[in-house]
Amino acid sequence: QVQLVESGGGLVQPGGSLRLSCVASGSIFDMYAVGWYRQAPGKQRELVATISSGGSTYYADSVRGRFTISRDNAKNTVFLQMNKLKPEDTAVYYCHARRSSVHDYWGQGTQVTVSS
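Residues numbered from 1 in each chain as written. Predicted model: local features only at pLDDT ≥ 70, side-chain atom pairs only at ≥ 80, totals over all residues. Heavy atoms only, no water.

Here the structure, examined in full by the defined rule, presents one disulfide. Here Cys22 connects covalently by a disulfide to Cys95, the sulfurs 2.0 Å from one another. Taking the sign of the S-S torsion, about -80° here, the bridge from Cys22 to Cys95 comes out left-handed. Note that Cys22 is positioned in strand E3 (residues 18-24) and Cys95 in strand E9 (residues 91-98), a separation of 73 residues in sequence. For the pair Cys22 and Cys95, a shared accessibility class is recorded, and that class is buried. (Disulfide = S-S within 2.5 Å. Helix = DSSP H or I, 4+ residues; strand = E, 2+ residues; numbered from the N terminus. Buried < 20%, exposed > 50% of the residue type's maximum accessible area, 1.4 Å probe, protein only.)

All told, the structure shown has five salt bridges when counted by the stated rule. Here the salt bridges share partners, and the residues they tie into one network are Arg38, Glu46, Arg66 and Asp89. (Salt bridge = Lys/Arg side-chain N within 4 Å of Asp/Glu carboxyl O.)

Okay, the sheet that holds E3 next. Pairing is antiparallel in the open sheet, where four strands are placed in the order E1-E3-E8-E7. Because the sheet does not close on itself, it has two edges, and the strands there are strand E1 (4-7) and strand E7 (67-72). Going from strand to strand, the sheet's axes swing by 15° on average, the running direction of each strand aside. (Pairing = 2+ DSSP bridges. Axes fitted to C-alpha atoms, helices over the stretch in contact; angles between N-to-C directions.)

Scanning all chains against the criterion turns up three aromatic pairs. Judged by centre distance (6.2 Å) and plane angle (50°), the rings of Tyr32 and Tyr105 are tilted. Highlighted residues: Tyr32 in the loop between E3 and strand E4 (33-39) and Tyr105 in strand E10 (residues 104-106), separated in sequence by 73 residues. Look at Tyr105 and you get buried, because its relative accessible area is 11%. Members of the aromatic cluster, connected to one another through ring pairs, are Phe29, Tyr32 and Tyr105. (Phe/Tyr/Trp six-rings, centres within 6.5 Å; stacked < 30°, edge-to-face > 60°.)

The side chains of a regular strand alternate between both faces of the sheet. Where burial is concerned, most of E4 is hidden: five out of the seven residues are buried. Pairing geometry for E4 and E9, over seven bridges, is antiparallel. When the bridges of E9 are listed, Gln39 appears paired with Val92. The pairing of E4 with strand E5 (residues 46-51) spans five bridges and is classified as antiparallel. Opposite Gly35, over in E5, you have Thr50 as the bridge partner. Two successive antiparallel strands, E4 and E5, enclose a turn made up of six residues, where Gly42 displays a positive phi of approximately 75°.

Ranked by internal contacts, the top residues of the largest apolar core, which has 31 residues, are Trp36, Leu80, Met82 and Tyr93. Contributing elements (two or more residues each) for this core: E3, E4, E5, E7, strand E8 (77-82), E9 and strand E11 (110-114). Leaving out residues up to four positions away in the same chain, Leu80 has contacts with Leu18, Arg19, Leu20, Trp36, Val48, Ala49, Phe67, Thr68, Ile69 and Tyr93. (Core = buried A, V, L, I, M, F, W, Y, C linked by side-chain atoms within 4.5 Å. Contact = heavy atoms within 4.5 Å.)

Shape descriptors only; they carry no functional weight alone.
Below, the structure written as structure tokens:
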């Protein structure tokens, strides 16, 4: 069993930055692919970025060039650095870790609000 705890959300003005963290309990976290998803009110949850166990990354078109996903396996932590934030980035951001169909976990989410 893996537990994921997100932090780092908050209120920021357009153009600002935030760094989200996802800390995982348990061992062998380095074997998990980890992704950040977000869900805005009235919308479906969407993929933001992923990082594989080997460090390969993927970004949604809407955030590429502004967001950076990274991981520190020694600290069981995945980060999402968000720069040049826009109002449309407002959502609850969720961390997801997957190693197999059985080993598939979600965090509780952290709110990000971009507003002046």
